[in-house]
Each structure stands twice: as structure tokens, then as C-alpha cells.
Amino acid sequence: MLRRSRTTKKLAKRIDLQYFTRPHVFRRWRFWLSVAVPVIALGWFVTQRAQGGQKVYSSGPLAASHAVFTQQCSLCHVARAGNFATQVSDEACLTCHDAPVHHANQSFKPACSSCHVEHKGSRLLSATSDSSCSQCHADLQTRDGQPHYVASIKKFAGDHPEFSPLRTGRRDPGKIKFNHYIHLQHQLMGPNNTRVGMSCDDCHRISKGNEEWPYAASLDVSREGKSVPQGLKPAALSNSGGTAEAVPFPSGSPLPVMDTREEGQSRPQWRYIEPPTFGQNCAACHTLQFDKRFGNDQVPHEKPEVIHAFLLKRFAEYIATHPEAVHEVSPPDRQIPEKSRLPRVARNASEWIQFRAEDAEWLLWTKTCKQCHTLNSTEGQLPIVASSNLTTRWLQHAQFDHQAHGMMTCTSCHTNTEKSRETSDVLLPGVQTCQQCHRDDKPRESAEARCFECHQYHDWTKTKRTREKFTIPQLRGVARLETR
Amino acid sequence: MIVLVLATAVYVAYSVRSIHGPRGGSALGLTYGIVGFSFMLFAGLLGLRKKFPIWRVGRAQSWMRGHLWLGFLSFPLILFHGGFHFGGQLTRVLMWLFIFVFVSGILGALLQHFMPRVYTAQLPMETIYEQIDRVRGQLAEEAVRLVEEACSALEGEVSHASELQRATSAGAGKMGGLTVASGLQADEEVSAQLRNFLNGEMLPYLNRAGAEGMSLSVAAQARTMFQQLRILLPQNLHSSVDDLENICEEKRQLDRQTRLHKLLHGWLLVHIPLSYALLLLGAVHAVMALKF
Amino acid sequence: MSSTTTPEIQLTIDGKAVSVPAGTTIFDAARINGIPIPTLCHQQNENPVGVCRVCVVDVGQRVYAASCIRQAEAGMTVKTATDQVHAARHTLIELLMSDHPAPCARQQHSGDCELEHLAANAGITEPRFPRRTTPRGKDDSSAVIAVDHESCILCDRCIRGCDDIRHNWVLARRGKGYQTGIAFDNNLPMGESSCVSCGECMVSCPTGALTNKRVVGTELGQGDVLDPAELLHLPIFENVSGTFLELNQKAVVKRRFRAGEIICREGEFGSTAFYILEGSAEVYLASPIAHVKTEGSSSGFFSRLKSMLSPREEDHRSEESYRPFIPIDASVDLPYENPIAELGPGEMFGEMTCMSYYPRSATVRAKTDCAMLEMLRNVLDILQRNKTFRAQLERNYRVRALDSHLRSVPIFAPLTKDFVDHLRDRVELLRFSPGQVICRQGDPADSFYLIRIGFVKVSEEKLGGELVLAYLARGGYFGEIALLTGSPRNATCTALDHVEVVRISAEDFQLMLDKFPDIRHSLEGTAHERLEENRRRAIRTENVPVDQFLAQGLMEAQSLLVLDLERCTRCDQCVRACADAHDGVSRLVREGLRFDKYLVATSCRQCRDPLCMVGCPVGSIRRRNTLEVIIEDWCIGCGLCANNCPYGNINLHPFPVEVDDPAHPGRQIASVKVKATSCDLCHDHAEPSCVYACPHDAAHRVNPPEFFANIIQPHNAATKTRN
């Protein structure tokens, strides 16, 4: 039998009434922890600040190219007076960078930071998302009315129009007659009477390497009398990738400046196929003999005037050393069907030279040169040769790097080449060819398909030089740089 | 709830359309950030509200519910604000702090929902936690007193014997003749054993804050021990044994209460300091982010 | 029988020839001649009755004669010490001893129980005869004399002392045969009877049947012990037994106080009353008139701001019952504004403290040099029953206190001085002892009562028990409802302790109502309210409650603070809120017994039957009309209410005050006073702070029968069908 009883009064009496005012273990812990933890947090923060400058505020690591400024937020995040700057202003970017305008007529200029997003870690700052471009191009408006381009492009796959050279009705404007089909046959007659089979890169190469051109002339006097030694190296790669200076042929339509890439540079530079030249690619098979008397000597691959002068000179030399040849009568070397020519006998040396030169020129203008060139020849006058008009760069608003695609066979993309018999065929691969690899449905399992991969926003033709501005201490933060 | 749905809808629309994904700095991101932080500030003010319980600024219950709901809502809002990214150092630390605070808060809410029932069911003799030490001391005193009474009765001294014991022997004849015809045997040995039990088992158990390793802390063992005591002692001292057993039971419950209380309130030791740190660093983050 | 010549007679006693006047009893004759005869029922100052037969002697007749009453006759041969006589006495004593609780009270206290003496002389240790099986009982009701019927040998001495010597005619015999015993009045308990505590019976009693009650602290430490003779000179001690005074010599002392000396302090416990012989004394309340929960007016910007946050409604308690007087334990009441009064010679204070051990209700300081009598309860009791003293007391009361007493009841405020004068001589002061019924339900109504001292319980008999309606303290009044409505009494009024009431007869009451229609109006209003409240309470108690509900006393409660234990996280916010609302002192303890899933917190339950209110010496704990029990600001911190509350809901708290520094008069030092606090339902806020501050909606202030209805009612239905 239990004698202990519990009554309210007994229970209440055993409690000390001020218990809740007295400190208790639990409350003390709570209090001190509530003091200690924020102090520790603050301490951590202060040490981070001390060690790392302003890096601790950063919302993410910087891109590799800006990583050197990680601890100096104020280089980019310039505080403007009276303004809580939420985004880095364009002026801050332009302190170091040049950003030429995209197009004079663009309806608005997006801010630098709206496309080039920083604090996302080490990656290309220029790797912007498609939406940066489609913010205008999804529904293109310009300031002066209708744009000249397709009005709505949102992304590459499915939405990108066909490349402009391939749109219906376009033809290759080149004036050099060339038949790819024939040249890709086997057992062609090659140099030194051998049979050869050509491949694409015997004539078309991206400009790199020291390999010989297999069908180059062993002796090419194409550069104004200067002979080019054997094993002709590809034209010296100037900064401007083999256009106007390297090749005597006039280049195609004016192009924006392209950069070429050397090893180790971080900025992409676009490698194009060097346009084929006669000396490198044709001379070994297509020889320019002009007269039996001279055997395998060839006329220089020059303008008609030069050839004329050359011929006169050679014949003159010949007759000087062979005066008896004046009275020879010999038919011309070649008979051109439908265009028979009676042999003429000269009376004297000068006439002989003139007659022989005319014969040679007749051969050349009506057969040899005409095989490839388009020219108008009238009797007695020098022909007018149409400019070859080789297009060295087909895509004028996009970049393409053959080096990056070098692992592929040429015909896997240039699918029409093997069947092409007309010069006017445009052998550029269409957008669908590209879209087979550059897809955006599975971005990590396909080639890059975003706009920046091929296109550039800034018109680098109008670039200005970056002004020098900083010393090393300034850049590294020893002295703070306060910009405007 | 409506707020949550609304916020989610807006966020989804925003994250799809924005360039480069949602950012903390954009206008909508800022809105999320500010609203989320203000929710967190309100949640933090609960502590302040509890310091002034009688101020008529809204019932404590409303504040509590507000704390729970707004705290809960602030989590997705801040996630939206940060675009589910962790950002740089400060923001990473902030995010982790926030996650801990949030999780501990959810845990605490659950505990507060379920633990009171456990308490009530398991602890019929509970008392105020802060006074457990004091009550324990009183239990020890009571036990000592009980044993003294019983021992005195066993040793034949009337003066310490309780009223009840005297009453049961009242019909036995002489007033002083407690040992005659009343069933109480004067037994020194038993009394010594009883004292040993008190000093050796009960008092150490009662005076100790915890219960580790003491045989009396297990109910079954205690029952056995007390049963042995009952066999040892004469009939009319059995009520004392019952009382001692009850005292042990109360001590057991007090120990259990201590454990449960620590469980019920322990999470606060995580939640509160971390939330202060969170608010502090969050303020720093807000200031610095807005400054830049 | 007196005559000029009394003839002498001769007789032989124990072989000795003696000569005594005729009419002398054998006992006297033997005594005169030096022969002792043992007696029990005979006392020399009383007429002999011869009931005990211890004094029997052999007179040569068939039966032995009782020498105390038998007159000596000439030629008698009296043998007082033969073997047979001895044997007879021996048997007699043995018979008497067989029922005697040896050692009896008298033997224990003073060792002079005459019966046991005789037994010892006769060599009787263990009587052969079995003890009686049914007890005869004790009577402790008198303040000065303990009655133990077990020891009574029915010797009749007390009866003769009370009737013949003192002429009080209180004692008599009752019953027959083995059930015979002594009785006071109509077998009333001695304390309730008309016994005047003169002490004569006690002095006469040979055994421990009537003994002097030992009062706690019989010896008064200080003061001069007075000779009983001196005391008897005082008019107030007229007709008191000298022996009695002698026995209680140390229970009354004379004390002298210099001017400015503090005689007693409020809140102290004591057991003595004071009667002023010379000089005058000031009586006042030294505690500051302030609530334990005090919040002064908001001065300063911040405190005003804060007070906006925790707004308090105005304290309306002053509207309800304006008490211009604070009742204290003296013949005057203290006015509220300036609680000081003066007492002069012939006045008594401290009666309630002395009789019922209440704490002192006020501080008394000697204004001039004084001489006082300090006495214990027994002496006070003597005085209070003493007719002379009573007359003086009543005179004092009528002159000094009746006026203010009447006026302190707000309803009687409009009474004019003339009417009070008219009433002065017509009122009656009646005394009631604890438990005595003053007026009974159903009796015809003939008086109106004002309570002068003590506590009265007003209750109603209902099917199922007694329902307490109210407790009334000094200054309260009752009996008006029946007078107003002309119906029989609707309630029983019982004295809870020593109560003195002022009785105004029905005619005077009607006269008062006729002359002062305002009073009639307000009385009727009060009567109406009381009836309404009674009716409401009756309805509420019709639920038959569950055992545990009753056992914990929950049925008594009108408002409980329950904590839902399934929601409470034991965070202590309620306690803190309570403390915040009450100056740092919590009125609530989060501990108590459980009922169902609720913890019934230790916080005032607003009991129907407010036991706490019984005994407050200054009447500062009271109940407002809207239920809350509040403690007024003149609480003196005696702690009685805290003791009385069966649930421990009232606690005493220290309260810092500035008091006069005794060491450096004129300066003030900080000191601590104690006041009682209890939950007041936060009546100056919209809802109780504890409920407001609970973050989990676990705290509720509820009305128990409604709140627990669904727990009680199903059980209720079951019991009803069983019945």
C-alpha cells in the first residue's frame, strides 16, 4: 500500500518559484553558442577577407582569362555614384577590351555582361548561350526597316537557314574551268608520263605543314622571274592566310579580317583551305610548252604581255644562234581541228621571230590557255583573260576551321565533289551536313551547336587597338585603380 | 501555400526565359533574394518576440505559425534566388548554413509535434526540467526519512516510528510496548541490511544525475530488489518498501525526462546559433552584393 | 442551620472519644479530631453528596455509612480503619481505577490526581476488573479547560462548584446507569455552552476529567507577572476564580512600553492579546499600500512606448466595492486613505490573533508611555466570557466602532448620525464559537447581522450536499435577503472561527429601510445579485462529476488553467509571460496533477468555495463580481491564505520597500516586505498573458464542467441510468 501521495500543493511546493530566471545549463549553452557561432562566422569571414581580398564576396570563380583579378572586384564592379550597380557596366569592360559594334543598324545594343556572363567558372567568356543572339535574331528588327537577312533564327538545329552560297540559283563565280570528276579519276596522266590518281589534299590543303605539293612545278618562275626552289613550300603564311599577297590571283570578294591560329594561342583563329595555285597544284601536269624547238620549256604562267615578251625574246635568242632556221619550213606542232593554219615562211630573222611567236601564241591562246582560262582572243591582239575569281572564302559571316575537322575525309562533307563536272557547281557542304554533328538536342554528346561556335558578334574589322593602361602593381592590386 | 505556388510559377517562367539562366543579381533574382531574406529576418525575430511575451503585437501562436510557414517558404525562395547554384565562397557558406538551419528547423518542428505525446505517455510523474536536481534531492531526503523510520521501528525505538506504525500497534497493550504483539520484530540485522540498501544502492542512484550502470535504473531489476526487501522486512513495513519503490520509479522517470528533454530541446542548440550566423552573413552578403 | 446554642454530642471514632456539635458529619468530626478519612467526592467548600463512597466507615450498622454526609449521632462507634473497611475501600478504588486512564491528564500535568493517589496508597497497581469497552469521549471545545470524560468519576464536585459556588448553573448530570456523565447546558460542547470559564469546575475536579488547558507558550517571556490578587482588583476580572488565575498566573503579564516603541508588527504570528491599562497607542498599517503587481504611470518616452506594446486596461476594481475602511483586529477600522487610528485605555486589540492564531493585522506603536496586559488565550477567554468585561467591550464598541463599522459597509454610507445614535444602544453583540450556526436555512428571519470579527460561511443545503455560497469576513453582512423578501432564511450561516456579530433586530432594520430608501434600493440590488449568483451556481453543479474530477477538487474550480500536454513543449513561455506581466513574479507554476491529457497548472482556480479567503486579517483577499480572486494592495504578507489554499496557488513574494532605518532614525533603508500573490486572470489585459504567450496553443483558461463535458458526461449518463 502506497503511502506517498501526490497532491497539487505538494507538487507545487517543491518547485522554486524563480527557477526560470536562473541560468540553466541548457540556456547557457544556447546563449553562448548563439554568441560564439556568429563570432566564428564573422571571424571566418574576416580572415577570408584578409587573405583573399574581395574574393569572398564573389558569386563564383572567374573565367580563366580574368582569374588574375579575382581579388579585386572593383576593377570590374565599378561603383557609379548614386547608383547600386547590379551589373558590370560596359565602360568597365571597355577599359581593357575593344568591342566593335556588331552592325550599324542593330536595334539595340545589349550590355557586355548580358552575353558574357562571368563568375561561372573557368570557361570561355565568349561562349554565350543562344539566347544572347536570339534576343535579336529571333525576331530581327533593324533601325532602318527590313533586315537583309533571315528574320528569325533561334538556334542551329532545325532553324538555321541554308548557307547563302547554296541557296538556289547561286553558282560558283570562278572563271577557271575545272572538272572535279575527271580529276578524281584514277590513271590520269601525270608528270613524267606516269599514271597518277589524285586525292583532294593534293590540291587543297589547310595552310600548315612543310609537305611538298606533289603536283607543283619543279621550277616555277611565277614570281616575276624569281625562281622558286624545289619542294615548294606553301605560300608563307602571313597573318592574312593566303589571300592577296601570297597568290598572284586576285582574291574573291572583300572579306573581314580573319585571324589565323597558331599553336598555343587561346583565341580561335580560323584555318581555311588555301586556294589552289597553278604553280603548286596544276603545273606538274598541265605543262605550258610552246614550241618543239625548245623541247619541254614552258612559257611562264603570266599575263599575256609577259608571255609575248618572253616568246619574242626566246625566238630571238634562237634565231641568233641558229640563223639557218629562218628558212625552215615546218608545220606547226599541233593541229587544232577546224583551225588549221598554214605554215608561213619568213624572209628574214625578225619576220621569222614574228611568225614563230604568232604561231606559238596561236597555240597558246586558242588551246593551251583556253583549256582552263576564259579568254577572248582576237587575231593580232593580246587576249583578255577573265579574272580567275576563285572564291577562297565562301562563308562570309561565319568561321570555319578545317583543322578542327581534319580527321574527316573531304568527301564526307563535300559530298558533291566527286560528281561535279561543272565549274559553276558550288561544292560547299550544306547546313544539313553540319547539323548531323552539331546538334543541340544532346549538347554534351554532340559538337557545339551554339551560335558563337561559328559566328562572331563583334565586327573585328573595325577593331581599335587596346590602349595600354595598367602597370603590374596596379593590375595585381597593390595599388587600387580607381577608374572614372 | 498560394505564395509558394505563385513563386514557383514565376521562377519557372523566369529561369526559362532569362539569358544564361537565373542569376542572383537580376531584378527577379533580387526580388527573390530580398523577399527570402525578409522572411528569414521575421523568422529570426521570433526569438525576440519570446523575450517580451506580453507585448500585444500578435499572439505567440501566430508568430510561431508565421515562423514556420515563412521559414519554410524562404527556402525555395532563396533557392530560386541563387538559381540552385552555390556561387562563390560566401554564398556557398551561406547556402550550407541555410540548409542546416532549414533542416534542423524541420526536424525541430517534427520533434515538437511528436515528442509531447511521448512525454505525456511515458512520464506520468514528470516535473519541471530545471528543477529536476532539486526534486531529486527531495526524493533522496524522503528516502532517507523513510528508511530511518523503518529502521527505528526495527530497532525498537518508538519515537521515530511513524503514526501508522504506532497505530497498528495501538491495540497491542502498553503504549511503550511496541515490540509486543504488534508484529514488528526488533531486528538489528535487518535494519542494518536496510540501511545498507539505502546507502549502497538507493542514495547513489538518487543522487546521481544520470542512470548509467546503476542496477536500480532498470525497472525489472529494481522490482526484484524490492521484492527481496519485502521478503526481508515484516508485513507492516511493506508500505515503506512500496514507497521506496515508488521513489525509485519517480527517479527513473526523471531520468527519462532528462533524456527526452535533451532530445526535444537539443536541436535548438543547432538551429539558433546557426540562424544567427546565417542572418549576420546574409546581411553581409546583401550589402556587398548590392554595393557591387 | 445556625443556632445560638448547638448541643454537643459524644461519639467514639476509632476508639477515641470525641465531642462535636450536633449536626456535624462524621467526616468533620473525625477531621476535627485529627483522624483522616480518605474522600473523593467530598470537597470542603461544597455541600457533600456522598456519591463516591470512599469515605465509608463502619458505624456498626448493616451497611457502611458515607462519613461525608452522615451526621454524627451520639454514642456512635465509628471505625474508620478496620480491615473490612479497608477492603471495601480497596475494592471501590479498584473498581474506579479499572476505568481510569492511568496516568490521567491531571496526574501527568501536576501529579495530583486524587484517585490515583488513593490507588497508590492502597497499593493498587493493576485492577482486576476489565476496562470498559466503549469510550466516553473528550471535549476540547473550551479554550481553557480540557474535558476528558474517561477520567470522570462522577463525583459531582464540578456541578456543585458551578452551581453552588459560582452560581453559573452550567454543569449537570446527564444519562443513566453506565452512560451517566456530566454535561454543559443541554449537553453542548463546553466551548459552546454558556460556561463563563471561571475555572471553578476545573479547580474542583479531583481527577483529570477537567484540567487546565495548556496553551502553547504558556510562559510569556517578557513582562511582569502579576499577582492574582492584583488581577482580581481589576474590574474586568470580577467573578473570575482566584485559583484559576493562580493556575494561569503566567498566562497574563503586565507590560510597559515607552512612547514610540513598537508593540506588535503586522504579519507576525502571535498568540496574545493586549488590553490597554494606561496610555494610548497608535495602530496603523506599515506595509505600503501597493499591489504586488505594480506598474506605475508611464513616464518617459520609452516606457510609454512599451506600454503601448502591452496595453493595460484601466483597473476597474475600485468601482465595484469601494472600501473606505480596512478592517483590523481591534475595535476600530482603519480608513483607507490614512490608515491610522488611536486606541486608549480599556481597549483591547489582538483578539483574533490570540483566539484563532491569525497573524497580526496591523502595527501598534505606543504613542505615550503605556501599560498593558498581555494575555494568552485562556485568560482572554475568561475575559470574554466575563460579564463585566463584556459590558465594557460592548460599550466601547458602540461608542467607537459601530459608526465606522456600519459606514464601512458601503450600502450603509448614507446613514445619518442620528440614526446611528439610535441604533447604538439597540444593537446586540453576539459571540459564536467555531462551527456554531448563527442562522439556519428555513428559520424565520428576525435579525440582520454585521460581522465584527471572525469568518462566517454562508451555505445552502442542496440535494447532494452543502453548497458554499460565500465566505464573509469582518465588515460583511448577511441576513438581509430574508428580511427584505419576508421569506424564511434561504441559507445557513455558520461561524468558522470565533465570531462576533452585531445583531440588528428586524424592527430596527425595517426602520432603517424606511428612513433611507437609498439603502433599501442598494440592498435590494445586492440581494438580487446574490440570488442570481446562487441560482447560477446551482445550475452549474448539477453535473455529476467523475471520481477523479472530484478527487482533485476540479469541481470546486470555476476556472482552471490547463495545459494540453500533447502540445506543450515545456518551453516555459507561459511562466515567463506571467512573470513579465507581474513585475517578475510568476503566478503560475507549471506543475501539478494531471487530468486526462491536461496538466492542471498550479494557478488560482477561482474556487467556488474560496478557502483562501478565510482568515485574512485585513480582508485584502477578496473576490470580484466577475470571479477573479484578487489580493488588494494592503496585504500584509502574513501567509495565511497561502497556507489555506489546498492547491498551493498562492505564494508569498518579497517586495522591496523603503522603511525607516531603526539604526538611524529619519533615514530610510531598503528592506524587503513579503506580500501574497495569486493569479488574477490578468484582468487588466484582454486575455490572460499565459494563454496569449503560448506558442503552441497549449494553454487554456477553461470552465471545467464545460471544458471537460465530453469526458464527464458520458460517464454521467452511465451513472444516471444506474441510479
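### What to know about the overall build of chain B
Alright, step 1. Within chain B, the secondary structure is distributed over 9 helices and 0 strands.
Alright, step 2. N-terminal to C-terminal, the α/β element order of chain B is α-α-α-α-α-α-α-α-α.
Alright, step 3. Counting the 292 residues in chain B, one finds 36% classified as buried.

### Thoughts on the overall build of chain A
Alright, step 1. When you go through chain A residue by residue, the secondary structure sums to 12 helices and 6 strands.
Alright, step 2. Evaluated residue by residue, chain A yields a buried proportion of 18% over its 484 residues.
Alright, step 3. Considering only intrachain contacts with a sequence separation of at least 6, the fraction spanning at least 24 residues in chain A is 60%.

### A word on the interface of chain C and chain A
Alright, step 1. With 13 residues of chain C in contact, the opposing surface of chain A contributes 9 residues.
Alright, step 2. Residues that form the side of chain C that touches chain A fall into these classes: 5 nonpolar, 5 polar and 3 charged.

### Examining the packing of helix H3 (residues 60-82) of chain B against helix H4 (residues 89-122) of chain B
To describe two helices that pack against each other, one gives the angle between their axes and the distance between the axes.
Residue and element names in this part refer to chain B.
Alright, step 1. Interaxial distance between H3 and H4 falls to 11 Å at its minimum, and their mutual angle equals 155°. When the axis of H3 is compared with that of H4, the two are roughly antiparallel. For the element pair H3 and H4, the recorded crossing hand is left-handed. The residues of H4 that touch H3, namely those facing Leu-68, Gly-71, Phe-75, Ile-78 and Gly-82, are Thr-91, Met-95, Phe-98, Phe-102, Gly-105 and Ala-109.
Alright, step 2. Its residues placed into classes, the contact of H3 with H4 shows 7 nonpolar, 4 polar and no charged.

### Overview of the nonpolar core
Alright, step 1. Within the largest apolar cluster, 208 residues are counted, with the highest numbers of intra-cluster contacts made by Val-456 and Cys-690 of chain C.
Alright, step 2. The dominant element in this core, judged by the number of residues it contributes, is helix H19 (residues 573-581) of chain C, at 6 residues.
Alright, step 3. Apart from the residues lying within four places of it in its own chain, the contact partners of Val-456 of chain C are Ile-438, Ile-451, Leu-472, Gly-476, Phe-478, Cys-493, Thr-494, Ala-495, Leu-496 and Val-499 of chain C.
Alright, step 4. Counting 27 residues, the second-largest nonpolar core is a separate cluster that includes Leu-70, Leu-90, Val-101 and Ala-277 of chain B.

### Quick notes on the confidence of the model for chain B
Residues and elements named next belong to chain B.
Alright, step 1. Across chain B, the average pLDDT comes to 76, with 76% of residues at or above 70.
Alright, step 2. When pLDDT is averaged over each element of chain B, H4 comes out on top at 87 and helix H6 (residues 163-168) at the bottom at 53.
Alright, step 3. In the model, residues 169-185 has pLDDT below 50 throughout and makes 26 contacts with residues more than four positions away in sequence or in other chains.
Alright, step 4. In the predicted assembly, ipTM is 0.79 and pTM is 0.59.

### Some remarks on helix H4 (residues 114-122) of chain C
Residues and elements named next belong to chain C.
Alright, step 1. Within the sequence span of H4, burial applies to Glu-114, Leu-115, Glu-116, Leu-118 and Ala-119.
Alright, step 2. Close packing links the buried residues of H4 with helix H2 (83-98) and helix H3 (105-110).
Alright, step 3. Backbone geometry just after H4 places Gly-123 at a positive phi near 75°.

### Side note on the environment of Tyr-272 of chain A
Alright, step 1. Within the secondary structure, Tyr-272 of chain A is located in the loop between strand E4 (226-228) and helix H7 (278-282).
Alright, step 2. Between the C-alpha atom of Tyr-272 of chain A and that of Phe-400 of chain A, which follows or precedes it by 128 residues, the distance is 7.1 Å.

### Quick word on the sheet that holds strand E32 (residues 598-600) of chain C
Residue and element names in this part refer to chain C.
Alright, step 1. Spatial strand order, E31-E32-E30-E37: 4 strands in an open sheet with antiparallel pairing. The open sheet terminates on both sides in strands that have one partner only, identified here as strand E31 (594-595) and strand E37 (699-702).
Alright, step 2. As judged from the 2 bridges shared by E31 and E32, these two strands associate in the antiparallel manner. Directly across from Phe-595, in E32, lies its bridge partner Tyr-598.

### So, the packing of helix H8 (residues 304-321) of chain A against helix H9 (residues 349-368) of chain A
Residue and element names in this part refer to chain A.
Alright, step 1. Put simply, H8 and H9 touch, their axes get as near as 9 Å, and they point 135° apart. Judged by the angle between their axes, H8 and H9 are oblique. Judged by the sense of rotation from one axis to the other, the crossing of H8 with H9 is right-handed. Of the residues in H9, those touching H8 at Ile-307, His-308, Leu-311, Leu-312, Phe-315, Ala-316 and Ile-319 are Ala-349, Trp-352, Ile-353, Arg-356, Ala-357, Ala-360, Glu-361 and Leu-364.
Alright, step 2. Of the residues in the contact of H8 with H9, the class split is 12 nonpolar, 1 polar and 2 charged.

### Some points on the sheet that holds strand E20 (residues 363-366) of chain C
Residues and elements named next belong to chain C.
Alright, step 1. Strand order across the open sheet formed by 4 strands is E13-E20-E15-E18, with antiparallel pairing between neighbours. Only two strands of the sheet have a single neighbouring strand rather than two, namely strand E13 (262-264) and strand E18 (340-343). Adjacent strand axes in the sheet meet at a mean angle of 30° when their direction is disregarded.

### Concerning the environment of Gln-138 of chain B
Residue and element names in this part refer to chain B.
Alright, step 1. For Gln-138, the location among the structural elements is in helix H5 (residues 132-155).
Alright, step 2. What makes Gln-138 partly exposed here is the crowd of 15 C-beta atoms within 10 Å.
Alright, step 3. Taking the C-alpha atoms as reference, Gln-138 lies 9.6 Å from Leu-206; in sequence the two are 68 residues apart.

### Quick word on unusual backbone geometry
Residues and elements named next belong to chain C.
Alright, step 1. Phi is positive for His-167, close to 55°, though the residue is something other than glycine.
Alright, step 2. Following the sequence through the fold, His-167 ends up in the loop between helix H5 (157-165) and strand E8 (171-174).
Alright, step 3. The phi torsion at Gln-606 lies on the positive side, around 50°, for a residue other than glycine.
Alright, step 4. Considering the arrangement of structural elements, one finds Gln-606 in the loop between E32 and strand E33 (621-623).
Alright, step 5. Judged by the 24 C-beta atoms lying within 10 Å of it, Gln-606 is buried.

### A look at the pairing of strand E24 (residues 447-453) of chain C
Side-chain positions along a regular strand alternate between the two faces of the sheet.
All names here are of chain C.
Alright, step 1. Of all 7 residues that make up E24, 6 are buried, and the element is covered over most of its length.
Alright, step 2. Sheet analysis places E24 next to strand E29 (residues 499-505), joined by 6 bridges and oriented antiparallel. Looking at E29, one finds that Ile-453 is bridged to Glu-500.
Alright, step 3. Strand direction decides the pairing type here: E24 and strand E27 (residues 477-478), joined by 2 bridges, are antiparallel. In the strand pairing of E27, Leu-450 is matched with Tyr-477.

### Here we look at the confidence of the model for chain A
Residues and elements named next belong to chain A.
Alright, step 1. Confidence in the prediction of chain A, expressed as mean pLDDT, is 74, and 77% of residues score 70 or more.
Alright, step 2. Looking at the elements of chain A, mean pLDDT is at its lowest for E4, recorded as 40, and at its highest for helix H6 (residues 180-183), recorded as 89.
Alright, step 3. In this model, residues 81-85 is a region of pLDDT below 50 whose contacts with residues beyond four sequence positions or in other chains number 5 contacts.
Alright, step 4. Note that residues 219-268 has pLDDT below 50 and, in this model, 72 contacts with residues that lie over four places away or in other chains.

### Some points on H5 of chain C
Alright, step 1. Along H5 of chain C, the positions that sit buried rather than exposed are Arg-157, Cys-158, Ile-159, Arg-160, Gly-161 and Cys-162 of chain C.
Alright, step 2. Once H5 of chain C finishes, His-167 of chain C follows within two positions and takes phi at roughly 55°, a positive value.

The rules behind each value
Residues numbered from 1 in each chain as written. Chains lettered and ligands numbered in written order. Predicted model: local features only at pLDDT ≥ 70, side-chain atom pairs only at ≥ 80, totals over all residues. Helix = DSSP H or I, 4+ residues; strand = E, 2+ residues; numbered from the N terminus. Buried ≥ 20, exposed ≤ 12 C-beta atoms within 10 Å, placed from the backbone. Contact = placed C-beta atoms within 7 Å. Nonpolar A, V, L, I, M, F, W, Y, C, P; charged D, E, K, R; others polar. Axes fitted to C-alpha atoms, helices over the stretch in contact; angles between N-to-C directions. Parallel < 35°, antiparallel > 145°, perpendicular 65-115°, else oblique. Left-handed = near helix turned anticlockwise from the far one by under 90°. Core = buried A, V, L, I, M, F, W, Y, C linked by C-beta atoms within 7 Å. pLDDT = per-residue confidence, 0-100. Pairing = 2+ DSSP bridges.

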